[in-house]
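If you want the building blocks of each chain, they are given just below.
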Amino acid sequence: AVVSTQSTGDVVIDGADECDTSLNLIKGGGGCQLQEKIVAACGKKMVVIADYRKKSKELGDQWKKGIPIEVVPMAYVPVMNKLRSYGLEPVLRMAQNKAGPVVTDNSNFVIDAKFSEPHDWDVLETKLSRTPGIVETGLFVGYASVAYFGMENGSVSELHKPVL
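Presented here is a report on the structure given in the accompanying data block. (Residues numbered from 1 in each chain as written. Predicted model: local features only at pLDDT ≥ 70, side-chain atom pairs only at ≥ 80, totals over all residues. Heavy atoms only, no water.)

## Topic: unusual backbone geometry
Stated precisely, the cut-off is as follows: Secondary structure elements follow DSSP: runs of H or I no shorter than four residues count as helices, runs of E no shorter than two count as strands, and numbering proceeds from the N terminus. Three labels apply to residues, based on accessible area from a 1.4 Å probe with only protein chains included: buried if under 20% of the type maximum, exposed if over 50%, partly exposed otherwise in between.
Look at Leu 23: it is not a glycine, yet its phi comes out positive at around 65°. Along the chain, Leu 23 falls in the loop between β2 (18-19) and β3 (25-26). Classification of Leu 23 as buried rests on a relative accessible area of 1%. Not every positive phi belongs to a glycine, and Ser 107 is a case in point at roughly 65°. By the secondary structure assignment, Ser 107 is in the loop between β6 (89-92) and β7 (109-114).

## Overview of the nonpolar core
So the rule is basically this: Residues grouped as a nonpolar core are buried Ala, Val, Leu, Ile, Met, Phe, Trp, Tyr and Cys residues, joined through side-chain atoms within 4.5 Å. Contacts are assigned to residue pairs with any non-hydrogen atoms lying within 4.5 Å of each other.
Ile 67, Ile 69, Leu 83, Leu 88, Trp 121, Leu 124 and Leu 128 are the most contacted members of the largest nonpolar core, which totals 23 residues. Put simply, the parts of the chain that give this core at least two residues each are β5 (67-71), α2 (76-85), β7 and α3 (121-129). Contacts of Leu 83, omitting those with residues within four sequence positions, involve Ile 69, Leu 88, Pro 90, Ile 111, Ala 113, Leu 128 and Ile 134.

## Notes on the sheet that holds β3
Stated precisely, the cut-off is as follows: A pair of strands counts as paired when DSSP detects no fewer than two bridges linking them.
Strand order in the open sheet formed by three strands is β2-β3-β9, with antiparallel pairing between adjacent strands. On the outer flanks of this sheet lie β2 and β9 (139-140), each paired with one strand and no other. Pairing of β2 with β3, which is carried by two bridges, proceeds in the antiparallel orientation. Within β3, the residue paired with Glu 18 across the bridge is Ile 26.

Shown next, in the form of structure tokens:
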């Protein structure tokens, strides 16, 4: 998607690190949650394509690394404290091939906020978005319209947004 030249598109097609039965997603495991959310928000419809290992009943069933959260470097300690008050277990993501934390394309840090039980994802997303120092999260609530999963046997499983 070329967001800078076209602000909306009919369909955004992307993967996910995990997708639950309500089409809540965890994305941004690679550290690009801000860009991924900008692109997702520009589409009229979001289609998720993933393999069977990304499909779960509840977020956290498959993806055990937590919700990736991009934070301003000077705020990572107070943000980690706030995340603990939300019932999350924050871990500053450290680089593998260099010393220090992972730095995003936007020069920010990534905190992986682990959780041991399901949350009200909409409420948690609101809390996170209102926390000073958080740039964006990898929690995508209400973005996906449909998900297609390539199953182990070669078939495709579909999951559609519930009609309210």
